[in-house]
Structures are given as C-alpha cells and as structure tokens.
Amino acid sequence: MESLSPAIGPKSVPPAKTPYFPNGLFGSFHLKYSSSRLRRGKCGSNRVYTERKNPGIDFSDPDWKTKYQQDFERRFNIPHLTDIFKDLQPIPSTFCLKSRTPISEDFADGYPSDAKWHGYINNNDRVLLKVIHYSSPTSAGAVCIDPNCTWVEQWVHRAGPREKIYFRPEEVNAAIVTCGGLCPGLNDVIRHASQVHRGVQVQCGIGLRVFGSSHIIFNEIVITLEIYGVRNIVGIPFGYRGFADKGLKEMPLTRKVVQNIHLSGGSLLGVSRGGPTTKEIVDSMEERGINMLFVLGGNGTHAGANAIHDEVRKRRMKVVVVGVPKTIDNDILLMDKTFGFDTAVEEAQRAINSAYIEAHSAYHGIGLVKLMGRSSGFIAMHASLSSGQVDICLIPEVPFHLHGPHGVLRHLKYLLDTKGSAVICVAEGAGQNLLEKTNAKDASGNIILRDIGVHIQQEIKKYFKEIAIPADVKYIDPTYMIRAVRANASDGILCTVLGQNAVHGAFAGYSGITVGICNTHYVYFPIPEVITYPKIVDPNSRMWHRCLTSTGQPDFI
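The structure contained in this document is the topic of the report that follows.

Definitions and limits used
- Residues numbered from 1 in each chain as written.
- Predicted model: local features only at pLDDT ≥ 70, side-chain atom pairs only at ≥ 80, totals over all residues.
- Heavy atoms only, no water.
- Helix = DSSP H or I, 4+ residues; strand = E, 2+ residues; numbered from the N terminus.
- Buried < 20%, exposed > 50% of the residue type's maximum accessible area, 1.4 Å probe, protein only.
- Areas by Shrake-Rupley, 256 points an atom, 1.4 Å probe, with all protein chains shown as cover.
- Core = buried A, V, L, I, M, F, W, Y, C linked by side-chain atoms within 4.5 Å.
- Expected span 1.5 Å × (residues − 1).
- Contact = heavy atoms within 4.5 Å.
- Salt bridge = Lys/Arg side-chain N within 4 Å of Asp/Glu carboxyl O.
- Polar contact = N/O pair within 3.5 Å; in protein donor to acceptor, adjacent residues only side chain to side chain.
- Axes fitted to C-alpha atoms, helices over the stretch in contact; angles between N-to-C directions.
- Parallel < 35°, antiparallel > 145°, perpendicular 65-115°, else oblique.
- Left-handed = near helix turned anticlockwise from the far one by under 90°.
- Nonpolar A, V, L, I, M, F, W, Y, C, P; charged D, E, K, R; others polar.

Quick notes on the overall build of the chain
The helix and strand tally for the chain stands at 15 helices and 18 strands. Here the chain holds 557 residues, and the buried ones make up 59% of them. When the accessible surface of the chain is totalled, it reaches about 22,500 Å², and 51% of it is carbon and sulfur.

As structure tokens, then:
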C-alpha cells in the first residue's frame, strides 16, 4: 500500500468538501416554517414555508460555486498537530489487526507483520455529506444553495485508523471526561475508545442525556488505546469539574476495569454540569501530563472542548482534544444520529404503549406522554411514528394552540367522539410560549423549561369539565427511566465505532474534532461546525410528513 499523504493541513489536496452555509442550514435558499401563513382546508396551504435568501453569496458572480466550495473547504479543514509543529514526524502505526504478536515495549517500528496490512484509511478519503439532488426549492425537505438548486458536491473527512501516527504509545497519557446528564451508551464508548474563551467558565452539557451507552464508549476508548499500546489511561470524575476539584481523584482505566461496564446503565465516571475556566482545565492537564483528551457530551460540552483545543494550541502543547457527541435528543448538526437516540426512542415506545393501554381501557381515556427534546422533537417524532398508537404529536419546531376552533383540545374532543380514546406525545420543549416564562437557569446556563406536560394535563381536565364531558387523563413522564437504561444493539454498535474512531483520530494527530456518522459512514468534523446551533426537525421534511400521516392530526393553528 502506497504511503499516505501528510496529515490534513493547508498542504493537503482533498477533493471538494462540504460547502459552508452561513445561515446554518445546508443551503442559502432554505425553507422556514411559517405559522402565520398556515391555512386549513387545502392541502397546498396546510403547511406553508417561506424562502429566505442568503445575503452572503452573490449568485451573479460566475465563480460563486468555486468560491463557495473553497470557503467550505477552509472551514471544514480539520486541525492537525502539524499546523503548530511543522517539523513533527510521524511513525508507523502500532494499530494493525493482521498481527497477533504481543505488544512490545518498543513501538517505533509498529507491530511486526509478515505483510502490509490494507486496513488503513487514506488521509484524502472523503464521505459525501449531501446525497439528494433536489430539483426545486419546493421539494419536500429541500435544502438548496441557490434558487436553482445547483448541485455542489460536499465532502467531509472519513474516520478510521491511519498508517502513520503522531504519538508513541508509551508516551501517551490519555484522559476521558463525560459531561451533561445521563444517556444510554456512555460506558460503551469509554470501553472502546457556543464559543468559550480563555478565562471563561467551561460548561458541561446543554440539556444532555447520558445513559447506558456511555459505558460502551468508555470501554471502546480504553480497549482501542490499549491495542495501540497505551498504558496510561485515566477517567476524570464528574465532568470538567474533576479537573479543578482537588477532592475528586482521577480513576485509572484498564481493559479489566471497563470490560463489563457496558452491561449497565449510567456513567462509570459520573457526570455534572458547570465547571472551571478553560485556563484552569488546561493548567490541570499540563500538571497531569495529559496529551490526549476525549470529551463526551453535547453542544455545550463540545464548545468547552473546542475552547480547550484553542488554549492548548496557544500554549503550543502537543495535545489533542477529540469529542464524541452524546445527546439522546439527536440535536447535533450534520450527523445522522447521536448515540443514545435509538435507545431513547425504543424505551419511549414502552411509555406510549402504557399510555395507549390506559387510554383504551378507560371511558373517554386520554394518555399523555412527555418525552425529551428541549429544542428538537426527534424523539417524540420517531417514537410516535414507530409506535403507531399516537393521535397527536407536539414538538418544539411546530407551533400549536390548545384552545380555539383549530386547537388541540377541540381535536381531542373529536377523537373521543369518534374513537373513544386518544394518545398525545409531547416533547418537553414544545409549547413553551403557552407557559409563564422564567429566568431561572441550570448549571449549564440553560433556561429551565416549564412543564408542558403538566400544563396540557390541567388544560385537558379543565376543558372537558367546562363542556361537561367526562375524560380520564393519565400523564406519564418517563424521562429519568429512559436516561438510565442500557443501550440497545443499534446504539451499542454506534458507540463502539465512535469510541474506536475517536482514538484513531487522536493518534492520527487531529485535534478540535468530533466523530460522527454521516450517510451511514463515520467521519470527522471540526467542532465549531457542529455547535453553531441545535439541529431541529424540519417541518417540511418527509419524516415529519410521515409522522403526520401516521397520527392523522391537523394543524393546530
């Protein structure tokens, strides 16, 4: 196998990668939900979307497409150690599955092998980010760059082991930290392996969920590091807080320690929100000699990881920082899904099924289930679609009225009149405009949401009492049960591969990156490109249309 090109940097020559879209969505000519223009009665006007042009692109320029691609390539060029250490020389990789020779003390020549192993990823391998060529901006879910929906190839970096690495395993001091709340799969990743600036407090998590999948990630990070030959691996307890709190001792991690942690939920290291300043964290890393940091969390945690990455580069430290996206809300940009999401949907169905049985068994029974989803309604949408038992699905992205001729309550009455029962699934962030606002914030700086589930329950009881119709309402909130369960098979596989690829990226010398799945392939993204804002459900997407088809609900405006 021929030698790979140097690590990604200004001197590399990749194919055209994913263009940058200044307004965030993949398109300067994207579709936006407009509740004020909703009309009932006609299919064509039931869900209307307005087009908004991107002022950052001059489509009259004949070279706009080339400039567009060049700008995106610049933004999606993933940082590498050689950006700072120009003379840094790689060594042959110590990761080779062809050899089964026990790991020796000298890793300079890699594993002894009788033949070249062809299991490495070339530095110039890319994955296509956008796979649908929309012919019109009016197509369902269309995300176009210009009014003509011009096709522009968008490529991102393929993840996996490289033939050349930039760390000698015996010199690696690796650390793993998890932030936010609980979410299925954290331990699995450990098993395998908003801008925050210097002096500003680094926050752990933004409304995250971290359940059993964490154990798989812990497991895979540790196991993959050991395959490379790393002997010094520690876990930082209770998120970023563990870097500064002298009373919290780091936990040595080995294959023996993590081999069975994926069989349970929760997080081996514990989780927390809030934390010390970036400077304090990097000072602690420098004092401990940490030169590989793996950070598991969502948007807020990744913003902290990016701040740490920037700080170590300012200090010219040979340190890499790699993120692993952890949020069951599935609200990380550019990625097919994040770990814990599939498990959350599967467990949510249990709650929906219970609500259905309660509602179906009672006279005028109404089952109400509140699911996770602070800014994004992916869990509620997918759980509703997969269960086939939901009559009304309410998500943050789609406004609704409870009262009035087209409100949720009037439709509930219709459901009780026609089928005798109903099931409602609502995301926690839905309908917040209907509730009294609060200025209270959690440790991550997020506004604390009011309980939309309780509010809807109370309004349902009040409405049916006023019209003298009996209604038996059962309210179920399974949030903390879902967070703590063990990851299912789908999330287990995702966590395993994420953990492995996080280690491969670190040894390849990449920093300030996160690993994710894109069009079923595993890729590396620069952290700033995935934390601009939460990914949300597109109300004009085919998936939301499928959910509406399944529930049969009208517009509640």
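Concerning the nonpolar core
Among the nonpolar cores identified, the biggest contains 47 residues, and I176, L225, M292, F294 and F507 are the most heavily contacted of them. If you look at the next biggest cluster of nonpolar residues, it comprises 35 residues, including I281, M335, C518 and V530.

Brief notes about unusual backbone geometry
Notably, R316 is not glycine yet its phi reads approximately 55 degrees, a positive angle. Structurally, the position occupied by R316 is in the loop between helix 8 (299–314) and strand 12 (320–325). We note that T520 has phi near 75 degrees; this positive angle belongs to a residue other than glycine. Within the secondary structure layout, T520 lies in the loop between strand 17 (513–518) and strand 18 (521–526).

Observations concerning helix 2 (residues 64–75)
Structurally, the α-helix is built with 3.6 residues per turn, so residues lying three or four positions apart point the same way. Relative to the 16 Å expected for 12 residues at 1.5 Å per residue, helix 2 spans 16 Å between its end C-alpha atoms, a close match to the ideal helical length. Its buried side turned inward, helix 2 meets strand 5 (155–158).

Considering the pattern of salt bridges
This model, assessed by the stated rule, comprises 18 salt bridges. One salt bridge connects D283 with R315, and the closest N-O pair in it is separated by 2.7 Å. Pair noted here: D283 is in helix 7 (residues 278–288) and R315 is in the loop between helix 8 and strand 12, with a separation of 32 residues, a long-range link. Its relative accessible area of 29% is what places D283 among the partly exposed residues.

Overview of the side chain of T343
Following the sequence through the fold, T343 ends up in helix 9 (residues 341–361). When its relative accessible area of 1% is taken as the criterion, T343 is described as buried. At 3.0 Å, the side chain of T343 and the backbone nitrogen of N488 are in polar contact.

Describing the packing of helix 10 (residues 378–387) against helix 15 (residues 542–551)
Relative to each other, helix 10 and helix 15 sit at 45 degrees, their axes nearing to 9 Å. By the criterion of interaxial angle, the relationship of helix 10 to helix 15 is oblique. The two elements helix 10 and helix 15 cross, and the hand of that crossing is left-handed. Each of M381, H382, S384 and L385 in helix 10 lies in contact with helix 15, whose residues at this interface are M543, W544, R546, C547 and S550. Taken together, the residues of the contact of helix 10 with helix 15 sort by class into 5 nonpolar, 3 polar and 1 charged.

Quick word on helix 8
Helix length check: helix 8, at 16 residues, gives a terminal C-alpha distance of 23 Å against a target of 22 Å (1.5 Å per residue), a fit within 8%. Of all 16 residues making up helix 8, 13 are buried, and the element is well covered by its neighbours. With its phi angle positive at about 55 degrees, R316 sits one or two positions after the end of helix 8.

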